[in-house]
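# Remarks on the overall topology
Chain residues, written in single-letter form:
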Amino acid sequence: MRLPPFQYLEPENITEALSMMDTYKDTVKIIAGGTEVINHMKHRLLSPAFVMNIAKLGDLGGISVLDHEIVLGASTTLKEIANSPVIKEKCKAIAEAAFQVASPTIAAMGTIGGNILQNTRCMTYNQSEIVLTGLDSCHKRGGTICLAVKGSTRCFSVYQGDMAPALIAFDAQCILRKSGATRTIPIIDLFTGNGVQPFSIGSDEILTGIIIPKQDGTSGSAYKKLRIRGSIDFPLVSAASVIWVGADGKITSSRMVIGAAGPAPRMVEEASLAIQGQLPGEIDLEALAGMAYGLTEGADNLAMPGAYRRKMARVLLKRAVQEALEDVKRGI
Ligand SMILES: Cc1cc2nc3c(=O)[nH]c(=O)nc-3n(C[C@H](O)[C@H](O)[C@H](O)COP(=O)(O)OP(=O)(O)OC[C@H]3O[C@@H](n4cnc5c(N)ncnc54)[C@H](O)[C@@H]3O)c2cc1C
């Protein structure tokens, strides 16, 4: 498959990159690792006039460990994150999510920024141009129908990124820059919940970094994922869990997030409230798992039936919480 024609831009530093974004706005597509953008361009899901490569911008790479936070440059590769001793030690679920993204080759190219900002997916959308030509235009392709959920007035495409659920479980923030302005928002707020336009990032903004706050106390975390082929596939549903306990052994705070459950990761806030102040042995895992089930959409638009994916949200959340609690016991 051939790429459509485009003009290639390669800024030398972040200031030049921001200036290009300001100039070209909606007509420019950022490319970092390119593992999604190139595929989508070949399938004609994207045909940008300009493609701006940010992979060589030194300012966007690397993992910095500061007193109160860990900062990941947006172009840090998933391989670097999966192999980072500090991420494995302090934020195990994030390293586990990175390790499970796609395949080793894609993880070596793919960046954390590109992973977070990957588009939502659907079996009726992620097709080649030839197949799409034979289908009516759905909401995501500018139409007014949903091909997956008949009669739906909204898009049911699914956000299948692995990294965002794990990062949200750690309450991570993202740094968004445009010419003359910077804002930092929780990663959960980057998501609109609308599958047609899944992100609230401006057309002139660049994601430059991710801040993972360090928290006091003993913690445990885990990331669990359902996929068809363990060696490469996107999550069909996933669960991330982070649990902190105080000196008395009681849970001081926790965050649980379900991925591939709809157009955005979903925080299981009711579950976090339910276990606050409890001892690990007192937790009703079945009740928590039921809350994850209730939050998962489970439309029949990915490689496995929606009803099965919903059931697996229940199973994966339970496993993620169990493993996080085991980590806590071991004092990780
Ligand atoms: C076969 C296959 C399997 C895959 N499996 C998985 C999987 O299991 N889990 C998973 O999560 N993903 C998977 N992916 C999707 C994708 O490859 C990864 O998510 C990867 O991390 C994307 O990163 P990238 O740097 O290559 O993104 P790119 O393709 O470069 O960019 C992706 C999107 O992010 C935008 N972008 C990138 N960086 C920035 C930035 N700094 N600021 C603003 N916008 C930015 C781009 O404009 C684009 O919209 C898979 C892809 C393939 C082809």
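Residues numbered from 1 in each chain as written. Predicted model: local features only at pLDDT ≥ 70, side-chain atom pairs only at ≥ 80, totals over all residues. Heavy atoms only, no water.

This next bit is on the overall build of the protein. From N to C terminus, the protein includes twelve helices and twelve strands. Since a compact globule built from 332 residues should have a radius of gyration of about 20 Å, the 20 Å found for the protein is in line with a globular shape. Put simply, the protein has 332 residues, and 51% of those count as buried. Counting contacts in the protein only where the partners sit at least 6 residues apart, residues at least 24 apart contribute 63% of the total. Of the roughly 14,700 Å² of accessible surface on the protein, a fraction of 52% belongs to carbon and sulfur atoms. Side chains of the protein give 34 positive and 32 negative charges; the mean places of these two sets differ by 7 Å. (Helix = DSSP H or I, 4+ residues; strand = E, 2+ residues; numbered from the N terminus. Rg over C-alpha atoms; globule rule 2.2 N^0.38 Å. Buried < 20%, exposed > 50% of the residue type's maximum accessible area, 1.4 Å probe, protein only. Contact = heavy atoms within 4.5 Å. Areas by Shrake-Rupley, 256 points an atom, 1.4 Å probe, with all protein chains shown as cover. Lys, Arg positive; Asp, Glu negative; His and termini not counted. Charge placed at Lys NZ, Arg CZ, Asp CG, Glu CD.)

The backbone of Ala102 sits at a positive phi, close to 45 degrees, despite the residue not being glycine. Secondary-structure assignment places Ala102 in the loop between helix H5 (92–100) and helix H6 (104–109). One non-glycine residue, Asp171, lies in positive phi territory at about 60 degrees. Relative to the assigned elements, Asp171 resides in the loop between helix H9 (163–169) and strand E6 (173–178).

So, about the pattern of salt bridges. Considering all chains together, one arrives at 15 salt bridges under this definition. Residue Glu89 pairs with Lys90 through a salt bridge whose shortest N-O separation is 3.6 Å. On the accessibility criterion, Glu89 (52% relative accessible area) is exposed. Put simply, Lys92, Glu96, Lys224, Glu323, Asp327 and Arg330 are held in one network by salt bridges that share partners. (Salt bridge = Lys/Arg side-chain N within 4 Å of Asp/Glu carboxyl O.)

Looking at the secondary structure, you find Tyr293 in helix H11 (residues 285–295). A relative accessible area of 26% places Tyr293 in the partly exposed class. Between the C-alpha atoms of Tyr293 and Gln160, which are 133 residues apart in sequence, the distance is 17 Å. In this structure, Tyr293 is in contact with Arg310, Lys311 and Arg314, ignoring residues within four places of it in sequence.

The next subject is the site of the ligand. Not every one of the 34 residues close to the ligand is listed here, only the nearest: Lys29, Ile30, Thr35, Thr111 and Asp162. Between the ligand and the protein, one listed contact pairs an oxygen atom with a backbone N or O atom of Gly34 at 2.8 Å. If the ligand stood free it would expose 970 Å²; the protein chains cover 92% of that surface. Looking at the shell around the ligand, the elements that each hand over two or more residues are strand E2 (28–31), helix H2 (37–42), helix H7 (112–116) and strand E8 (206–213). Across the shell around the ligand, the residue classes break down as 17 nonpolar, twelve polar and five charged. The two domains that each donate at least three residues to the shell around the ligand are domain 1 (1–56) and domain 2 (218–330). (Near = heavy atom within 4 Å. Polar contact = N/O pair within 3.5 Å; in protein donor to acceptor, adjacent residues only side chain to side chain. Nonpolar A, V, L, I, M, F, W, Y, C, P; charged D, E, K, R; others polar. Domains from an automatic or database assignment.)

It is worth spelling out the packing of aromatic side chains at this point. Under the counting rule described, the total for this entry stands at five aromatic pairs. Ring plane angle 55 degrees and centroid distance 5.3 Å describe the contact between Phe191 and Phe199, whose orientation is recorded as tilted. Here Phe199 falls in the buried class, since its relative accessible area comes to 14%. Site record: aromatic cluster; members linked through ring pairs are Tyr159, Phe191 and Phe199. Residue placement shows Arg314 over the ring face of Tyr293; its charged tip is 4.7 Å from the ring centre. (Phe/Tyr/Trp six-rings, centres within 6.5 Å; stacked < 30°, edge-to-face > 60°. Lys NZ or Arg CZ within 6 Å of the ring centre and 35° of its normal.)

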